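Chain and residue survey
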Amino acid sequence: MTQSAAVPSKANVSATDLVTVSRAVADLRRGEIVLVQGQANGIAHCVAVIAAEPLSDHGLTRLHDIAGKSGNTAIVLPRVRAKSLGKACKNDHFIAFVSAKKSGVDAQTLAEIANPLLELESMPAGAWRPVNMAESAAIRLAKLARLLPAVVTAPVDPEQLEMLSKVQNLLVLQSESINGYEDASAATLRQVSEARVPLENAENATVIAFRPEDGGQEHLAIVIDEPAHDQPVLIRLHSECFTGDLIGSLRCDCGPQLRGAIAEIAKSGQGGIILYLRQEGRGIGLVNKLRAYALQDRGFDTLDANEELGFDADERIYRPAAEMLRQMGFETVRLLTNNPEKLTGLESWGVTVVERVPHKFPSNGHNEFYLQTKKDRAGHLF
């Protein structure tokens, strides 16, 4: 099934850097500390970083010890979260809060500052300041870990970075490696498994699994019948949705879209492909999607809920889909979608989209507001 094709240039991230970022993601999820270095305008910034979500008193004490006399710890937040805490920041994507107390803020309060679903009695006394390049990259790392995008940082003397890394056994990452990780990892996707899997509405189907070289999550290609390579192939990009795809949630239209795409491609008589991408909740992960649902129950719409948590309205990337298509020998497609961003996303990675094929399903009484929001605010073409 796999055919070679030209691959766009990779991001300037080495294979070693990919593995380091992948390991750092696991460390961050466990509440461990990592070291991040960034440079802007010729000035190097180094910080020790711990994620706010799994933060413990023990981890916070370690961070204070690392900071020593270099400066106070700070919690770095996205501007939307900072705004909800009373700090308006027009131009900064992220902003840092430093406690007025030399001892800083306790772990529980920091967790409440980071999470809009928790009750924060009052904001501690302190000051807000701009973030540096290393801290911005640390937020990106928290997003890659599918944690709340909030981190606690402590400044580190660049000259002490190597010694601190060895003594404390901490990973050191460059901001460029973190920011370029997703695209660079997608560029290394390779087919690792293939099997015939008859489906309810498409008995002649094959599932192909692709895995990046750093060992990250697999993406799947569901190939139905035998699509020709000399004409545009009918495809659907489908982001993983545990609640809609597997347990039949009525809050979204993902389940009907997935099963409807399988049936439509099978009925076309020309075959096609569904690219099943591991980008749950528009790229924020299942746990954060459930948090967004809880915010929706408080009155937020589906986009505002993501942003209230500190994410962009849509965090998905499209290079994995483009790479999978290219390696299977397909570069011209007809795309089953109502989302114009999927067209531009694929085309930005060299895939030619010759036609948008409408793909809509009726609301069910539970998802009317969700679908209306996608139409009115995200530009979906219903």
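Note: the structure precedes this text.
Residues numbered from 1 in each chain as written. Predicted model: local features only at pLDDT ≥ 70, side-chain atom pairs only at ≥ 80, totals over all residues. Heavy atoms only, no water.

1. Some points on the overall build of the chain
Within the chain, the regular secondary structure consists of 16 helices and 14 strands. For the chain, the C-alpha radius of gyration of 22 Å lies close to 21 Å, the compact-globule estimate for 382 residues. Structurally, the chain occupies a C-alpha span of about 70 × 45 × 35 Å along its principal axes. Here the chain holds 382 residues, and the buried ones make up 53% of them. As presented, the chain carries roughly 17300 Å² of accessible surface, and 48% of it is formed by carbon and sulfur atoms. Placing the 40 positive and 47 negative side-chain charges of the chain at their respective mean positions leaves the two points 2 Å apart. (Helix = DSSP H or I, 4+ residues; strand = E, 2+ residues; numbered from the N terminus. Rg over C-alpha atoms; globule rule 2.2 N^0.38 Å. Buried < 20%, exposed > 50% of the residue type's maximum accessible area, 1.4 Å probe, protein only. Areas by Shrake-Rupley, 256 points an atom, 1.4 Å probe, with all protein chains shown as cover. Lys, Arg positive; Asp, Glu negative; His and termini not counted. Charge placed at Lys NZ, Arg CZ, Asp CG, Glu CD.)

2. Describing empty space enclosed by the protein
Under the definition given, this model contains one cavity of 30 Å³ or more. By volume, the largest cavity is sized at about 70 Å³. Considering the residues around the largest cavity, the lining is formed by T73, A74, I75, F97, V98, S99, G104, V105, L110 and V152. Those elements giving two or more residues to the lining of the largest cavity turn out to be β3 (74-78) and β4 (94-99). Looking at which element gives the most residues to the lining of the largest cavity, the answer is β4, with three residues. Of the residues contributing to the lining of the largest cavity, the split by class is seven nonpolar, three polar and no charged. (1 Å grid on protein atoms, 1.4 Å probe; cavity = no way out; pocket = protein on both sides within 12 Å on 5 of 7 lines; lining within 4 Å. Points joined across faces, edges and corners; volume = space filled by probe spheres on them. Nonpolar A, V, L, I, M, F, W, Y, C, P; charged D, E, K, R; others polar.)

3. Notes on the layout of surface pockets
Over the atoms, a rolled probe matching the size of one water molecule traces out where space is still vacant. By volume, the largest pocket amounts to about 730 Å³. Secondary-structure elements contributing two or more residues to the lining of the largest pocket are α1 (15-29), α8 (181-187), α11 (280-283) and α12 (286-296). Grouping the amino acids of the lining of the largest pocket by side-chain chemistry returns 14 nonpolar, nine polar and nine charged.

4. A look at unusual backbone geometry
The phi torsion of most residues other than glycine is negative, and most of the peptide bonds are trans. The phi torsion at D225 lies on the positive side, around 60 degrees, for a residue other than glycine. Note on placement: D225 falls in the loop between β10 (219-224) and β11 (233-239). Judged by relative accessible area, which is 23%, D225 ranks as partly exposed. The residue R282 is not glycine, and still its phi comes out positive at about 55 degrees. Summarising the element assignment, R282 is placed in helix α11. What makes R282 buried here is its relative accessible area of 15%.

5. Some details on the packing of α1 against helix α5 (residues 133-144)
Between α1 and α5, the least distance of the axes is 9 Å, while the angle of their chain directions is 75 degrees. With respect to each other, α1 and α5 are oriented roughly perpendicular. Counting all contacts with α1, which are made through V21, A24, V25 and L28, the residues of α5 involved are L141, A142 and L144. Partitioning the contact of α1 with α5 into residue classes produces seven nonpolar, no polar and no charged. (Axes fitted to C-alpha atoms, helices over the stretch in contact; angles between N-to-C directions. Parallel < 35°, antiparallel > 145°, perpendicular 65-115°, else oblique. Contact = heavy atoms within 4.5 Å.)

6. Section: the environment of L28
Relative to the assigned elements, L28 resides in helix α1. Residue classification places L28 among the buried positions, given a relative accessible area of 0%. In this structure the C-alpha to C-alpha distance between L28 and E182, which are 154 residues apart in sequence, comes to 17 Å.

7. Some thoughts on the sheet that holds strand β7 (residues 172-174)
With mixed pairing, seven strands are arranged side by side in an open sheet as β5-β4-β3-β6-β2-β1-β7. A single partner strand is all that each edge strand has here, and the edge strands are β5 (126-129) and β7. Mean inter-strand twist for the sheet, computed between neighbouring axes without regard to direction, equals 35 degrees. Taken together, the five bridges between strand β2 (residues 43-51) and strand β6 (residues 151-155) define a ladder with antiparallel strand orientation. By the bridge assignment, I50 is partnered in β6 with V152. Helix-sheet contacts for helix α4 (residues 107-114) involve β3 and β6, and the interaxial angle to β3 is about 15 degrees. (Pairing = 2+ DSSP bridges.)

8. Here's the deal with the packing of aromatic side chains
In the structure shown here, the tally under the stated rule is one aromatic pair. In this arrangement the basic side chain of R251 is found over the ring face of Y293, its NZ or CZ atom lying 4.4 Å from the centre. (Phe/Tyr/Trp six-rings, centres within 6.5 Å; stacked < 30°, edge-to-face > 60°. Lys NZ or Arg CZ within 6 Å of the ring centre and 35° of its normal.)

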